[in-house]
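# Inside the fold
If you want the building blocks of each chain, they are given just below.
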Amino acid sequence: MSYEWEDFYLAYSDQESDLKSRLSVIRQYVKKELASNPKVVLSICGGRGLDLVDLTESQSAYIIDNDKEAINHIGSNIQFLLKDATMSDSYLDIPKVDLLVCVGFMGSIDLDSIKDFISFLPQILNKGAIFIWTIKSDNVDLIQQTEYLLEEYKFHYVEKKNTDLNRFVCGKHRFYGESQQIISNKKIMNMTW
């Protein structure tokens, strides 16, 4: 694993980073949603699965990430898919998703990519699926535009919280649109990391 990723994971234990608080909020969201027993859970760019570990025992849980070392930290109840999360074909082998967790990359893509990504979500989600996301709280315009796009693509607002140090906004929306077929070989977003 690169030192950059190792430093990133170490930041979860650093009280100054606010990642620990973000993880706590997301795990609360996930735990609450798991109480309704979704069948399929997916974390995109979920790395070591910190947002899902020990929570998804009775579900089919998947992580899509390109961090080869992260697989060594994933429990046996989570299927780690070493794939490019920016390409639609990476999602072909996953059943339609009931709970989608996207907390590590939303703030690392620009507004055009967020629009492309949100417009792709009906291709992987079941009707009624929950979408959990985070963006740094100082990017107010990106947060507002993301929420507008979610509304445009048939997502209802459920909940939104700021982390303890107010560095992240954690949102939860429910998809009420119709599921679609995945369009093969399509770029669904551009990541800047």
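Residues numbered from 1 in each chain as written. Predicted model: local features only at pLDDT ≥ 70, side-chain atom pairs only at ≥ 80, totals over all residues. Heavy atoms only, no water.

## A word on the pattern of salt bridges
Per the stated rule, a full pass over the model turns up seven salt bridges. Here aspartate 93 ties to lysine 83 by a salt bridge, and the two come within 3.4 Å at their closest N and O atoms. With a gap of ten residues between them, aspartate 93 in the loop between strand E3 (78-82) and strand E4 (97-102) and lysine 83 in the loop between E3 and E4 connect regions that are remote in the sequence. Owing to a relative accessible area of 60%, aspartate 93 belongs among the exposed residues under this scheme. Residue glutamate 147 is joined to lysine 160 by a salt bridge in which the shortest nitrogen-to-oxygen separation is 3.0 Å. Separated by 13 residues along the polypeptide, glutamate 147 in helix H4 (residues 140-152) and lysine 160 in strand E6 (residues 155-162) bring together distant segments of the chain. The exposure class assigned to glutamate 147 is buried, which follows from its relative accessible area of 18%. (Salt bridge = Lys/Arg side-chain N within 4 Å of Asp/Glu carboxyl O. Helix = DSSP H or I, 4+ residues; strand = E, 2+ residues; numbered from the N terminus. Buried < 20%, exposed > 50% of the residue type's maximum accessible area, 1.4 Å probe, protein only.)

## Comments concerning the sheet that holds E6
Pairing within the open sheet is mixed, and its seven strands lie in the order E3-E2-E1-E4-E5-E7-E6. Of all strands in the sheet, those bounded by a partner on one side alone are E3 and E6. Across the sheet, the mean angle from the axis of one strand to that of its neighbour is 15°, orientation sign disregarded. The pairing of strand E5 (residues 125-136) with strand E7 (residues 168-175) spans seven bridges and is classified as antiparallel. Its bridge partner lying in E7, isoleucine 135 is registered against valine 169. Against the sheet, helix H2 (residues 19-34) touches strand E1 (40-44), E4, E5, E6 and E7, its axis set at about 20° to E7. (Pairing = 2+ DSSP bridges. Axes fitted to C-alpha atoms, helices over the stretch in contact; angles between N-to-C directions. Contact = heavy atoms within 4.5 Å.)

## Side note on the nonpolar core
One finds Leu42, Ile44, Tyr91, Leu100, Phe117, Ile124 and Phe131 to be the most contacted residues of the largest nonpolar core, which totals 37 residues. Broken down by secondary-structure element, the contributors of at least two residues to this core are E1, strand E2 (60-65), E4, helix H3 (111-120), E5, H4 and E7. Tallying contributions element by element places E5 first for this core, with five residues. In this structure, phenylalanine 131 is in contact with Leu100, Cys102, Met106, Phe117, Leu121, Leu150, Phe155, Gly171, Lys172 and His173, ignoring residues within four places of it in sequence. One finds Tyr29, Val103, Ile132 and Cys170 within the second-largest nonpolar core, a separate group that totals 20 residues. (Core = buried A, V, L, I, M, F, W, Y, C linked by side-chain atoms within 4.5 Å.)

## A look at H4
The terminal C-alpha atoms of H4, which comprises 13 residues, lie 18 Å apart, in line with the 18 Å expected from a rise of 1.5 Å per residue. Among all positions in H4, only Leu142, Ile143, Thr146, Glu147, Leu149 and Leu150 are buried. Each buried residue of H4 lies within a common arc of 160° when the element is viewed along its axis, so the set occupies one face. Exposed and oriented more than 90 degrees from the buried face of H4 are Tyr148 and Glu151. Elements that come into contact with the buried residues of H4 comprise H3, E5, E6 and E7. Lysine 154 lies just past H4 and shows a positive phi near 70°. (Expected span 1.5 Å × (residues − 1). Arc of directions from axis to C-beta.)

## As for unusual backbone geometry
For asparagine 166, which is not glycine, the phi torsion reads 60° and is therefore positive. Among the structural elements, asparagine 166 can be located in the loop between E6 and E7. Note on asparagine 166: relative accessible area 43%, which makes it partly exposed. In this structure, asparagine 185 takes a positive phi of about 55° despite not being glycine.

## Things to note about the packing of aromatic side chains
Applying the stated criterion across every chain, the model contains five aromatic pairs. Geometrically, the ring pair formed by phenylalanine 117 and phenylalanine 131 is tilted, given 6.3 Å between the ring centres and 55° between the ring planes. With phenylalanine 117 in helix H3 and phenylalanine 131 in strand E5, this pair connects stretches of sequence that are 14 residues apart. Each member of the pair, phenylalanine 117 as well as phenylalanine 131, carries the same accessibility label: buried. Among the aromatic residues, those joined into a ring-pair cluster are Phe105, Phe117, Phe131, Phe155 and Phe175. (Phe/Tyr/Trp six-rings, centres within 6.5 Å; stacked < 30°, edge-to-face > 60°.)

So yeah, pure geometry; function would need other evidence.
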